[in-house]
Amino acid sequence: MENKKQWNEEDYAPLPLRDANFTTISGEELEPLYTPHDLEDMDYDRDLGYPGRFPFTRGVQPNMYRGRLWTMRQFSGFGSVEDTNQRYKFLLEKGQTGLSVAFDMPTIMGRDSDDPRAEGEVGRCGVAVDSLQDMENLFSGIPLNEITTSMTINGPACVLLAFYLCVGEEQGASLEELGGTIQNDILKEYIAQKSWIFPPRPSMRIITDILAFCSRKVPRWNTISISGYHIREAGSTAEQELAFTMADGFAYIEAGIEAGLNVDEFAPRFSFFFNSHTDFFEEIAKFRAARRIWARHMKDRYGAKDPRSWMLRFHTQTAGCSLTAQQPENNIVRTAFQALSAILGGTQSLHTNSMDETLALPSEKAVEIALRTQQIIAHETGSTNVIDPLAGSYFIEALTNRMEEQAEAYFRRIEELGGVMAAIDKGFFQREIADAAYRYQREIEKGERVVVGVNFFQNPEEELSMDLLKIDPATEKKQRERLAKLRSARSASEVDRALEALRQGAEGDANLMPLIIDCARSYCTEGEIIDTLRGVFGEYHENILF
Amino acid sequence: MTRTARILIAKPGLDGHDRGAKVVARGLADAGYEVIYTGLHQTPEQIAEAAVQEDVNAVGLSILSGAHMTLFPRVLELLKEKGAEDIMVFGGGIIPPADIEALSTQGVAAIFTPGTPISAIVSFLDDIVPSRL
């Protein structure tokens, strides 16, 4: 320690510094140098341990990428199910190893393509799925017992899950064979992504119904993808992303327990979803801290006995909000570094953004480059040879420790506010996020934070010359026609019977999943199923703040 | 007599991405405008109605869902129907250059793409709307 003090006084401090910001992108102050002194209170076995063992700081599988690479899982969907089915086959052919479905806004919000509120929105930011028939066509020629699928869907997750399971069974798979994930994380919707439908209490009931159903019937299904990605995209810092995500996770654990489930029945199938932003080391520390925090709370606070309940498995997406519309090819570089962070952080699954996403949904060329980025990291950089290669770095461990401490401080604040739901009601998360977003924007405008191509290193005469993806303008009309045909072809009495049974179930305390599956098989549309539930549960309205 | 210029920032359609709208709303408020933020999931009808009720000088639409070619024209149309053509319409979001051109032809005064500093939006509004106090 004396040596560092001496080094600092004699060598470092007298030198002039560049006119630059030496904080992390989240605004965290950093020392110029880290030494063993920074890790004096650490205990290897207690704080790091071994991969696949508590507290899992170094990874959740004993052999990590030596055993199996992360799943290369590109979030994808646009236009009609035929358009998207074609894109899925393209991506699989290029070497992706898992599917990930992006739905359009009407589907996300529980509305059919012929709903008046859907006008102009059908197939625009994702694929339009109105019924089991659409789902059948979405996965046409793709055997669901041979691949896992993640579906980014929240309010209507129960419906899309039902559609998927029905398609799997129609293809000849058993429910035990089907593997995948539904995002199904309603708390972060109220906080950040804003694609809610129902108010909190009925939303949590639907979620606990899904937990109970899947733990018994669909054991390979990840029932929630507890997400920080959207919280970060909305403008939070890395510390907030970590803390708020973990807090949401704990809230779901408590909800499951309150619903009468044993924690080890459902916790092993919780998964997580983090952002990978551009501050390289901060992100790696965040992922490692997340694993340790989850393990400690699950074992010590919630008394989970199954080690799988202590393991935080996660998917990562590189940061959409970091991409620039200016000089878009630079986004390939940003995405590559962000992907590497995720891998050095031990992610189980990864989506890499395409360079053109500030302008449109990914073109074939752009998404191929994004996928190749993962493959180059996997096979050319040597990053997968050694497990948790940055462990022991004075800086990385100090930052990991600091992030855990800050998360714990946030947990205490949330508890003081009465828990996650109460904090949402009080606008706590929303305000933290809005303040962080504004602060970041101010830093950029004052030139305190550099974004290449945007506020420095600009090309003022730049003209875009990329071929962007265009959504077929006939999509909406075709989808409406398809719906009209479906409504006349199916059995109206079956539809009515199924929806009525669902309504009654919703008013009581039946598990909704079998009833929704029944509706799905009768070709009730998503809108009809959600409208039925809306009739019972009502709609959520947020308090406006900015 | 000059009055403080009033701006409506709106989120039309089903899109829930509100980071940009909120940052712009706050930035414009800090710059001295009176800002009304509609919140999410507004129909074009609700937006046009609010614009007239709140007697704003300009309406800023934020659209990241790809539905801009339906929603911008609809808002323009409704403002015209209400005899409120003097309310200027601008916006931002995920909008490719070809569509920006098309919207401009239809009467959208400006589209601010990702990376636009708030100061640019303030300058633009300062030029376009009546003087601020």
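Residues numbered from 1 in each chain as written. Chains lettered and ligands numbered in written order. Predicted model: local features only at pLDDT ≥ 70, side-chain atom pairs only at ≥ 80, totals over all residues.

**As for the pairing of strand β3 (residues 58–63) of chain B**
All names here are of chain B. The element β3 is extensively covered by neighbouring structure, given that 6 of its 6 residues are classed as buried. Burial of β3 is two-sided: the residues A58, G60 and S62 facing one way and the residues V59, L61 and I63 facing the other way are all buried. Alignment of strand β1 (residues 6–10) against β3, held across 4 bridges, turns out to be parallel. Paired with I9 across the bridge in β3 is G60. Relative to strand β4 (residues 88–93), β3 runs parallel, the two sharing 6 bridges. Paired with G60 across the two strands is F90, which belongs to β4. Note that the unit made of β3, helix α3 (residues 68–81) and β4 has a crossover that is right-handed. (Buried ≥ 20, exposed ≤ 12 C-beta atoms within 10 Å, placed from the backbone. Helix = DSSP H or I, 4+ residues; strand = E, 2+ residues; numbered from the N terminus. Pairing = 2+ DSSP bridges. Right-handed = clockwise from strand over helix to strand, strands pointing away.)

**Regarding the nonpolar core**
I516(A) and V59(B) are the most contacted members of the largest nonpolar core, which totals 183 residues. Ranked by residue count, the leading element in this core is helix α7 (residues 157–170) of chain A, at 10 residues. Setting aside its immediate chain neighbours within four residues, V59(B) contacts L8(B), A10(B), I47(B), A51(B), V75(B), I87(B) and V89(B). (Core = buried A, V, L, I, M, F, W, Y, C linked by C-beta atoms within 7 Å. Contact = placed C-beta atoms within 7 Å.)

**As for the sheet that holds strand β10 (residues 349–351) of chain A**
All names here are of chain A. One open sheet holds the 5 strands; their spatial order is β1-β10-β9-β8-β7, and the pairing between them is parallel. Every other strand in the sheet has two partners, leaving β1 (71–72) and β7 (224–227) as the edge strands with one partner each. The sheet contact formed by strand β9 (residues 314–318) and β10 spans 3 bridges and is parallel. Counted as the bridge partner of H315 is S349 from β10.

**A look at the confidence of the model for chain B**
Looking at chain B, the pLDDT average stands at 93 and 95% of residues meet or exceed 70. The complex model carries a pTM of 0.97, and its ipTM stands at 0.94. (pLDDT = per-residue confidence, 0-100.)

**Some details on the packing of α3(B) against helix α4 (residues 97–106) of chain B**
All names here are of chain B. Here α3 crosses α4 at 15°, and the two axes come no closer than 10 Å. When the axis of α3 is compared with that of α4, the two are roughly parallel. Considering only the axes of α3 and α4, their crossing is right-handed. Facing H68, M69, F72, P73 and L76 of α3, the residues of α4 in contact are D99, L103 and Q106. Class assignment for the residues of the contact of α3 with α4 results in 5 nonpolar, 2 polar and 1 charged. (Axes fitted to C-alpha atoms, helices over the stretch in contact; angles between N-to-C directions. Parallel < 35°, antiparallel > 145°, perpendicular 65-115°, else oblique. Left-handed = near helix turned anticlockwise from the far one by under 90°. Nonpolar A, V, L, I, M, F, W, Y, C, P; charged D, E, K, R; others polar.)

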